[in-house]
Amino acid sequence: SQVLVTIYADYIAPLFDKFIPLPEGELKQQIETMAKSIDFPLTKVYVVEGSKRSSHSNAYFYGFFKNKRIVLFDTLLEDYSALNKEAAEEDGENEETKSKTKSKKQGCKNEEVLAVLGHELGHWKLGHTVKNIIISQMNSFLCFFLFAVLIGRKELFAAFGFYDTQPTLIGLMIIFQFIFSPYNEVLSFCLTVLSRRFEFQADAFAKELGKAKDLYSALIKLNKDNLGFPVSDWIFSMWHYSHPPLLERLQALKDAKQE
């Protein structure tokens, strides 16, 4: 897992998408200033051409120890969005067409991009990434340990009609498809609850940086660009959504935004 995390961003991801350094300018300076203010060891900032695959907007960071890098999707930035560039290149538009183009403008302003990054850096500052890695490794260890304990139990195979033999492949299917099934459902729900808690905490961190108003507007734009539906059934979302529904996040930011 650690090897894949280390080599994915530098060697695997560039095989599928083009990464370019964010040019010098106001946005880069603001990102570096914000990173420095929370002691985030930033070394490079990239823009990835995600618009070739979808309109999905995102930002993330990667790297171990003192070698952290930030990646921004071009769909997140108004100045880099391919959709905006195509609209700007069209000539001879009438007023109705221009109005439609303006309403479809993709991406966020610099202040909103900084708010989104404030949320992402909140995950780092609050240790969410490390906690998720630890939980993942503990779960992997537990699965292997239980498999080692159960694979030698004759009654397990006998319950499925294998009285004289104990095929390892059959044991693997029985253990992971039947015995681990309820465990995985409970674990999945617990991780979903934890993930939602982490998201609210990261939003609160961005709020502490003074980015509540910009994050509020950025979340609305991202939901629109990512074709998200703002209304969710609370029971369904509680069980299935790793991120809180848009309206819940906006409500949590509302008081700070009004201030």
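Definitions and cut-offs
Each residue is numbered by its place in its chain's sequence as written, counting from 1. Local features in this predicted model are restricted to residues whose pLDDT is 70 or higher, and side-chain atom pairs enter the listing and the counts only when it is 80 or higher, whereas totals over whole chains, interfaces and linings include all residues. In computing side-chain values, all of the structure's heavy atoms are included and hydrogens and water are not. UniProt positions are given in the numbering used here, feature names are shortened, and annotations may be inferred rather than shown by experiment. Secondary structure elements are taken from DSSP: a helix is a run of H or I of four residues or more, a strand is a run of E of two residues or more, and numbering for both begins at the N terminus. Each residue's exposure class comes from its accessible area (1.4 Å probe, protein chains only) as a fraction of the maximum for that residue type: buried when under 20%, exposed when over 50%, partly exposed otherwise. Whether two residues touch is decided by their heavy atoms; if any such pair falls within 4.5 Å, the residues are in contact. We get accessible surface area from the Shrake-Rupley algorithm with a probe of 1.4 Å; when it comes to residues, only the shown protein chains can shield them. Whether two strands pair comes down to DSSP finding at least two bridges between them. Structural elements are reduced to axes, namely lines fitted to C-alpha atoms, with helices fitted over the stretch in contact, and the angle between N-to-C directions of any two is expressed from 0 to 180 degrees. Nine residue types can take part in a nonpolar core, namely buried Ala, Val, Leu, Ile, Met, Phe, Trp, Tyr and Cys, and a core is a set of them joined through side-chain atoms within 4.5 Å. Domain segmentation is taken from an automatic or database assignment of domains. Put simply, two rings from Phe, Tyr or Trp (the six-membered ring, in Trp's case) pair if the centres are within 6.5 Å, and we call them stacked under 30 degrees between planes, edge-to-face over 60, tilted for the rest.

As recorded in an unreviewed UniProt entry, the protein goes by CAAX prenyl protease and comes from Scopus umbretta. According to its UniProt record, the protein has this under Catalytic activity (unreviewed entry): "Hydrolyzes the peptide bond -P2-(S-farnesyl or geranylgeranyl)C-P1'-P2'-P3'-COOH where P1' and P2' are amino acids with aliphatic side chains and P3' is any C-terminal residue." According to its UniProt record, the protein has this under Function (unreviewed entry): "Proteolytically removes the C-terminal three residues of farnesylated proteins."

Enquirer: Please clarify how the overall build of the protein should be interpreted in this entry.
Expert: Secondary structure assignment for the protein yields 11 helices and 4 strands. Residues classed as buried in the protein amount to 34% of the 259 residues present. Contacts spanning at least 24 positions in sequence make up 73% of the contacts within the protein whose residues lie at least 6 apart. For the protein, the computed accessible surface area is about 16,100 Å², with 60% contributed by carbon and sulfur atoms.

Enquirer: I'm lost on the sheet that holds strand β2 (residues 42–48) in this one. Help?
Expert: Sheets are built from strands paired through backbone hydrogen bonds, the pairs being either parallel or antiparallel. If you walk across this open sheet you meet the 4 strands as β1-β2-β4-β3, and the pairing is mixed. Each of the sheet's edge strands pairs with one partner strand only, and the pair in question is β1 (19–21) and β3 (59–62). Averaged over all adjacent pairs, the angle separating strand axes in this sheet is 30°, with direction ignored. In this structure, β2 lies alongside strand β4 (residues 68–73), joined through 6 bridges in parallel fashion.

Enquirer: Even after reading the chapter, I still don't get the nonpolar core, so can you show me in this structure?
Expert: Soluble, globular proteins show a tendency: their nonpolar side chains are buried together. Formed by 24 residues in total, the largest nonpolar core has its most connected members in I31, I70, L72, V113 and L117. Elements supplying a minimum of two residues to this core: α2 (26–37), β2, β3, β4, α5 (110–125) and α9 (212–225). The biggest single contributor to this core is α5, with 5 residues. A domain-level breakdown of this core finds at least three residues from each of domain 1 (1–99) and domain 2 (129–255). Once residues within four sequence positions are removed from consideration, V113 is found in contact with L27, L72, L76, L77 and C108. Counting residues in each nonpolar core, the second largest holds 9 residues, with A206, L215, L219 and L253 among its members.

Enquirer: I tried to follow the packing of aromatic side chains on my own but got confused; where do I start?
Expert: Aromatic rings considered in pairs are described by the distance between their centres and by the relative angle of their planes. The full count for this structure, using the stated rule, is 12 aromatic pairs. For the ring pair F40 and W124, a centre distance of 5.0 Å and an interplane angle of 85° mean the geometry is edge-to-face. Separated by 84 residues along the polypeptide, F40 in the loop between α2 and β2 and W124 in helix α5 bring together distant segments of the chain. Residue classification places F40 among the buried residues on the basis of a relative accessible area of 4%. Judged by centre distance (4.9 Å) and plane angle (85°), the ring pair of F176 and F180 falls under edge-to-face. Within this pair, F176 and its partner F180 are both found in helix α8 (residues 168–208), separated by 4 residues, close to a single helical turn. Look at F180 and you get buried, because its relative accessible area is 2%.

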